[in-house]
Amino acid sequence: MTSEREAWRALWALVIGFFMILVDTTIVTVANPSIQRGLHTGTNSVIWVTSAYLLAYAVPLLITGRLGDRYGPKRIYLVGLVIFTLSSLACGLADALPGSGIGNLIAARGVQGIGAALMTPQTMAVITRTFPAAKRGSAMALWGATAGVASLLGPLLGGVLVDGPGWEWIFFVNVPIGVGAFIAARALVPDLETHSHTFDWLGVALSGLGMFGLVFGLQEGQSHDWVAWIWVCIGGGVALLVVFVLTQGRGGREPLLPLKLFKDRNFSLANATIASVGFMVTSAFIPIAYFFQVVLGLSPTQSALMTAPSAVATMVLARVAGKLTDAVHPRYLVVPGTLLVSASLWLYSLLMAPGASILALLVPSLMLGVGSAFMWGPISSTATRNLPLQDSGAGAGVYNTTRQIGSVLGSAAIATLIANRLAAHMPAGFGASQGQSSAGLQLPAALQGGFATAMSQTLVLPAVVVLAGTLVAAFFVRPLHLRDGAQGPSKRSVREARP
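The residue numbering used here restarts from 1 in each chain and proceeds along that chain's sequence as written. In view of the model being predicted, local features appear only for residues whose pLDDT reaches at least 70, and side-chain atom pairs are presented and counted only at 80 or more, with totals across whole chains, interfaces and linings using the full set of residues. The basis for the side-chain values is all heavy atoms of the structure; hydrogens and waters are excluded.

Regarding the overall build of the protein
Reasoning step 1: When its secondary structure is counted, the protein shows 22 helices and zero strands.
Reasoning step 2: Buried residues in the protein amount to 58% of all 499 residues.
Reasoning step 3: Look at the contacts in the protein between residues 6 or more apart in sequence, and 86% of them connect residues 24 or more apart.
Reasoning step 4: Surface accessibility in these figures is a Shrake-Rupley result with a 1.4 Å probe; residues are shielded only by whichever protein chains are displayed. Accessible area of the protein: about 19,000 Å², with a carbon and sulfur share of 68%. Runs of H or I in DSSP of at least four residues are treated as helices and runs of E of at least two as strands, each being numbered from the N terminus. Type-normalised accessible area, obtained with a 1.4 Å probe on protein chains alone, sets the label of each residue: buried when under 20%, exposed when over 50%, and partly exposed for intermediate values. By the convention used here, residues are in contact when the closest approach between their heavy atoms is within 4.5 Å.

Overview of the packing of helix 20 (residues 445-458) against helix 21 (residues 460-473)
Axis angle and axis distance: for two packed helices, these are the angle between their axes and the distance between the axes, and together they describe the pair.
Reasoning step 1: Lines fitted to the C-alpha atoms define the axes, with helices restricted to the stretch that makes contact. Angles between their N-to-C directions range from 0 to 180 degrees. Two elements in contact, helix 20 and helix 21, have axes whose closest approach is 4 Å; the angle formed by their N-to-C orientations is 10 degrees. In terms of their interaxial angle, helix 20 and helix 21 are classed as roughly parallel. Facing helix 20, whose interface residues are Ser456, Gln457 and Thr458, helix 21 presents Val460, Leu461 and Pro462.
Reasoning step 2: When residues are sorted by character, Ala, Val, Leu, Ile, Met, Phe, Trp, Tyr, Cys and Pro go into the nonpolar class, Asp, Glu, Lys and Arg into the charged class, and all the rest, Gly among them, into the polar class. A class-by-class count of the residues in the contact of helix 20 with helix 21 yields three nonpolar, three polar and no charged. By definition in this entry, angles of less than 35 degrees are roughly parallel, angles greater than 145 are roughly antiparallel, angles of 65 to 115 are roughly perpendicular, and the rest are oblique.

Section: helix 15 (residues 331-351)
Because an α-helix packs 3.6 residues into every turn, residues spaced three or four apart end up facing the same way.
Reasoning step 1: Given a helix with a known number of residues, its expected span is that number minus one, times 1.5 Å. End to end, helix 15 covers 30 Å across 21 residues, agreeing with the expected 30 Å (1.5 Å per residue, within 8%).
Reasoning step 2: All of the buried residues along helix 15 are Leu333, Val334, Val335, Gly337, Thr338, Val341, Ser342, Ser344, Leu345, Tyr348 and Ser349.
Reasoning step 3: Summarising the contacts, the buried residues of helix 15 are in contact with helix 12 (265-295), helix 14 (308-325), helix 16 (358-373), helix 17 (376-384), helix 20 and helix 21.

Brief notes about a nonpolar patch on the surface
Reasoning step 1: Within the patch definition used here, like charges are joined within 9 Å and nonpolar side chains (Val, Leu, Ile, Met, Phe, Trp, Tyr) within 5 Å, considering only residues with over 30% relative accessible area and no salt bridge. Here, a salt bridge means any Lys or Arg side-chain nitrogen found within 4 Å of an Asp or Glu carboxyl oxygen. A grouping of Leu89, Leu93 and Leu97 is seen on the molecular surface, where their side chains present a nonpolar patch of about 210 Å² in accessible area.
Reasoning step 2: Among the structural elements, leucine 97 can be located in the loop between helix 5 (73-92) and helix 6 (101-130).
Reasoning step 3: The exposure class of leucine 97 is partly exposed, given its relative accessible area of 35%.

Let's talk about the packing of aromatic side chains
Reasoning step 1: Centres within 6.5 Å make a pair out of two Phe, Tyr or Trp rings, where for Trp the six-membered ring is used; the pair is then stacked when the planes are under 30 degrees apart, edge-to-face when over 60, and tilted otherwise. In this structure the tally under the stated criterion is eleven aromatic pairs.
Reasoning step 2: Judged by centre distance (5.3 Å) and plane angle (70 degrees), the ring pair of phenylalanine 262 and phenylalanine 267 falls under edge-to-face.
Reasoning step 3: Exposure remark for phenylalanine 262: the relative accessible area of 35% places this residue in the partly exposed category.
Reasoning step 4: Look at phenylalanine 267 and you get buried, because its relative accessible area is 0%.
Reasoning step 5: Through a chain of ring-to-ring contacts, three or more aromatic side chains come together here, namely Trp48, Phe212, Phe216 and Trp229.
Reasoning step 6: Only when the NZ atom of a Lys or the CZ atom of an Arg is both within 6 Å of the ring centre and within 35 degrees of the ring normal do we say a charge sits over the ring. The ring of tyrosine 71 carries arginine 70 above its face, with NZ or CZ at 5.0 Å from the centroid.

Section: the side chain of threonine 314
Reasoning step 1: The topology assignment puts threonine 314 in helix 14.
Reasoning step 2: With a relative accessible area of 0%, threonine 314 lands in the buried category.

Looking at the pattern of salt bridges
Reasoning step 1: Inspection of every chain in the model, using the stated rule, returns three salt bridges.
Reasoning step 2: With a closest N to O distance of 3.2 Å, arginine 66 and aspartate 69 form a salt bridge. Of this pair, arginine 66 and aspartate 69 both sit in helix 4 (residues 61-71), three residues apart, which is roughly one turn of the helix.
Reasoning step 3: You can call arginine 66 buried: its relative accessible area is 3%.
Reasoning step 4: Look at aspartate 69 and you get buried, because its relative accessible area is 0%.
Reasoning step 5: A salt bridge links aspartate 191 to lysine 74; its shortest N-O distance comes to 3.8 Å.

Points about the nonpolar core
Reasoning step 1: With 109 residues, the main nonpolar core has Leu105, Phe291, Phe292 and Phe451 as its most contacted residues.
Reasoning step 2: Counting residues per element, this core draws most heavily on helix 12, at 13 residues.
Reasoning step 3: Residues Ala58, Met211, Phe216 and Val408 belong to the second largest nonpolar core, which totals 13 residues. Here, the term nonpolar core denotes a set of buried Ala, Val, Leu, Ile, Met, Phe, Trp, Tyr and Cys residues that are joined through side-chain atoms within 4.5 Å.

Some words on unusual backbone geometry
Reasoning step 1: Phi at aspartate 225 takes a positive value of approximately 55 degrees, unusual for a residue other than glycine.
Reasoning step 2: Mapping aspartate 225 onto the fold places it in the loop between helix 10 (201-220) and helix 11 (228-248).
Reasoning step 3: The backbone of tryptophan 226 sits at a positive phi, close to 50 degrees, despite the residue not being glycine.
Reasoning step 4: Under the relative-accessibility criterion, tryptophan 226 is labelled partly exposed at 22%.

Digging into the confidence of the model for the protein
Reasoning step 1: Scored by pLDDT, the protein has a mean of 83; 90% of the residues are at 70 or more.
Reasoning step 2: For every residue, the predictor states its confidence as a pLDDT score lying anywhere from 0 to 100. The least confident element of the protein, judged by mean pLDDT, is helix 22 (residues 491-497) at 40; the most confident is helix 21 at 96.
Reasoning step 3: Below pLDDT 50 for its whole length, residues 485-499 participates in 16 contacts with residues either more than four positions away or in separate chains.

Given below as structure tokens:
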């Protein structure tokens, strides 16, 4: 039996690698122009540097979660970490390796995504299997705070490295971190009991092909003007996923996706809520970053620094959120948290105008961080608290798949909406590509108002989507560990939660 002290050591070891893979989801965003210049390639090719990672990350998550149940989460995590670290090195050396530099980079990013997919579900599975249900909230708060801070710090770290040693270092920096994470996980993460699951190979094929069709279609839709074959990919992917779910409900062979997990109301609602959060995280930063760089004329590093209050607030309040997550009905944390996040995006939208005050724009950033602290961890804890131990990997795979689908939907939707709003408010012929090429260079004063209005209106979409997540979270039910006479937080638990 793992002691609580040993469980915390294991979690801290896993958090290092988890932070690294989530940072890599967003760190490339600010490096795209430098990569394009350095590898002498076009915009469509450099976009695939991110698309390949997200595609390879999202597609196998259902399968990799189940692999952790079958072969042990520590073993699968370490395999994924080795793949991720070596592919990071290959990314940084892309231009020095034989062949096309951009081709090498895209291929290495795809392998990097596979490594990330192997690692991510195992972090949640270890928490579920090493912490008792009544203590899991604090652990999930750390997991959630890591996810929130990583998504905010990715662009900042990317800007600093690109403006300093060069774009290659956004990948090279993973190598020493990966080595340290491997040593820590090898020493501190326990070898947990494995479960002799049979593998549903039909389910593997259906879920893999279905996820590929859906994610690929959503990622590529905007760049291909949503032509017919894109809709065939999306429709085919959805159809295969529907068939996959139907086959999982039949008797006989053990399913890849245990549908019994969805009998837990909080698990189902938490998955819907985290999809809205994933949508928001991917989509909200894009119009905000465009506004900072194209209208206010900030550099990539300066615009990323504008998110610093969010990261600091999330880190500072993570312990508070964790303590309360173990003592309070989850809706009392998630609903205010997501409401505050939505409100911060509305405030950003209202402030987006030429000549906007930098100090004023730090206020919604702070609000976003405070709301995030009471959003990520409590949602994760609510999803996993009642999972059967033998299905912890499968549940973590479902949860992270849902989050990634939300992220891909957000990326596709925001790209389409940005193009639409720019067409409505900017001169004919000005589109998203012009806005991207102008990043870091302030537009002429005559064009700033229209561009700011377009970005402001675009930001309403993630604000509305995360508000929908708030409505879903309002239907969370009281967790089992709080039902035995516990009607809310004790005075002691609230006092201990204060920083």
